[in-house]
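Residue-level listing of the chains:
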Amino acid sequence: MKETKVKNHAIIKGLLFFILFLVTLIPVSRIFTPKWTYNADTEETGEGNRYRDFYSMDKDSLDYVVLGASHAFYSFNPMQVYSGTGYRGFVLAGGFQPQTCAYYWLREADRYQDLKYVFVDASSLVKDFHRNESNLKSLLAMRFSPLKLEAIKNCSPEKSVMYSALFPLYSFHDRWFELKKEDYLGSEEEAWYYLKGSALRFVIKSDNLT
């Protein structure tokens, strides 16, 4: 009887420790994970903005989504489309987004929106990229669900991507001296980010010009 009580006590202590560990791990991971905020004057294409803003859309408020690699979010402007047609859309494309990740983001979008159309950048059908950093950004942005776990399993080119997608501190534990205000308080893109997933650019590169 005494041994049973000791075992039960150990189990309870173990469960309490695990719960406390999770309660601490989740907010700390959120702080240390980069926010990837869009900046029109730099190379920041706003992967964080793209997905955070998507989840802020009202349910069934979109007519279409755009998926694929960088060609999609650099060239497709949902606001311009809306001004000319009245169709409401969102760009869920990403840098070097492979077809596998595009597929899971389409399924994720279908959970929140009653879509009528889907536009896919076909360049990855010719050459399907799998970049660790790009895939990780896409996976981290997805809300936790069984679908996300499936996406992590099938969209991780290397084990390190899978570990980081499940436990962000695996990759970002050393960001102590990079943390900014937005890491603690969250990004304030709701006040100004109106691009619906696109990435407008006002930077001219003249490297290849003569």
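Scroll up to find the structure.
Residues numbered from 1 in each chain as written. Predicted model: local features only at pLDDT ≥ 70, side-chain atom pairs only at ≥ 80, totals over all residues. Heavy atoms only, no water.

(A) Spatial organisation of the overall build of the chain. Helices and strands together make up the secondary structure of the chain, namely eleven helices and three strands. The helix and strand sequence of the chain, counted from the amino end, reads α-α-β-α-α-β-α-β-α-α-α-α-α-α. By the burial criterion, 38% of the 210 residues in the chain qualify as buried. Sequence-distant contacts in the chain: of pairs separated by 6 or more residues, those separated by 24 or more amount to 78%. Approximately 13,200 Å² of the chain is accessible, and the part contributed by carbon and sulfur atoms is 60%. (Helix = DSSP H or I, 4+ residues; strand = E, 2+ residues; numbered from the N terminus. Buried < 20%, exposed > 50% of the residue type's maximum accessible area, 1.4 Å probe, protein only. Contact = heavy atoms within 4.5 Å. Areas by Shrake-Rupley, 256 points an atom, 1.4 Å probe, with all protein chains shown as cover.)

(B) Representation of the packing of helix 2 (residues 47-56) against helix 7 (residues 132-141) in the model. Look at helix 2 against helix 7: their axes get within 10 Å of each other, and the N-to-C directions meet at 25°. Considered as vectors, helix 2 and helix 7 are oriented roughly parallel to each other. As helix 2 packs across helix 7, the resulting crossing turns out to be right-handed. Across from E47, Y51 and Y55 in helix 2, the residues of helix 7 making contact are K137, S138 and A141. In the contact of helix 2 with helix 7, the residues fall into three nonpolar, one polar and two charged. (Axes fitted to C-alpha atoms, helices over the stretch in contact; angles between N-to-C directions. Parallel < 35°, antiparallel > 145°, perpendicular 65-115°, else oblique. Left-handed = near helix turned anticlockwise from the far one by under 90°. Nonpolar A, V, L, I, M, F, W, Y, C, P; charged D, E, K, R; others polar.)

(C) Structural view of the nonpolar core. Counting residues in each nonpolar core, the largest one holds 29 residues, and the members touching the most others are F54, L92, W105 and L139. Per-element accounting of this core gives the leading share, five residues, to helix 5 (residues 99-112). Ignoring sequence-local partners within four residues, the contact set of W105 consists of Y51, F54, Y55, L67, L92, Q97, S138, A141 and M142. Counting nine residues, the second-largest nonpolar core is a separate cluster that includes V66, A72, F73 and A93. (Core = buried A, V, L, I, M, F, W, Y, C linked by side-chain atoms within 4.5 Å.)

(D) Broad picture of the layout of surface pockets. Taken as a whole, the second largest pocket holds about 350 Å³ of empty space. Lining the second largest pocket are 21 residues, with T45, E47, G95, F96 and S134 positioned closest to its centre. Mapped onto the lining of the second largest pocket, the elements with two or more residues apiece are helix 2, helix 3 (70-75) and helix 7. Examining the composition of the lining of the second largest pocket, we find that six residues originate from one element, helix 7, more than from any other. Classifying every residue of the lining of the second largest pocket gives six nonpolar, nine polar and six charged. (1 Å grid on protein atoms, 1.4 Å probe; cavity = no way out; pocket = protein on both sides within 12 Å on 5 of 7 lines; lining within 4 Å. Points joined across faces, edges and corners; volume = space filled by probe spheres on them.)

(E) Inspection of the packing of helix 7 against helix 9 (residues 159-166) at higher detail. Contact geometry of helix 7 with helix 9 gives a least axis separation of 9 Å together with a crossing angle of 25°. Relative to helix 9, the element helix 7 lies roughly parallel. Crossing handedness for the pair helix 7 and helix 9: right-handed. Two secondary-structure elements touch here, helix 7 through N132, L136, L139 and L140 and helix 9 through V161, S164 and A165. Here the residues of the contact of helix 7 with helix 9 are counted per class, giving five nonpolar, two polar and no charged.

(F) Focus on the sheet that holds strand 1 (residues 64-67). An order of 2-1-3 is seen for the three strands of this open sheet, with the pairing classed as parallel. Unpaired on one side and paired on the other, strand 2 (89-91) and strand 3 (117-120) mark the two borders of the sheet. For this sheet, the mean inter-axis angle between neighbouring strands, taken without regard to orientation, is 15°. On the sheet, helix 5 packs against strand 1 and strand 3 and is oriented at approximately 165° with respect to strand 1. (Pairing = 2+ DSSP bridges.)

(G) Fine view of the pattern of salt bridges. Per the stated rule, a full pass over the model turns up nine salt bridges. Here K116 and D63 are joined by a salt bridge, their closest N and O atoms 3.1 Å apart. Taken together, the residues K116 in the loop between helix 5 and strand 3 and D63 in the loop between helix 2 and strand 1 connect sequence positions 53 residues apart. Using a relative accessible area of 53% as the deciding quantity, one classes K116 as exposed. Residues joined by salt bridges that share partners form a network here, namely K35, R175, E178 and D183. (Salt bridge = Lys/Arg side-chain N within 4 Å of Asp/Glu carboxyl O.)

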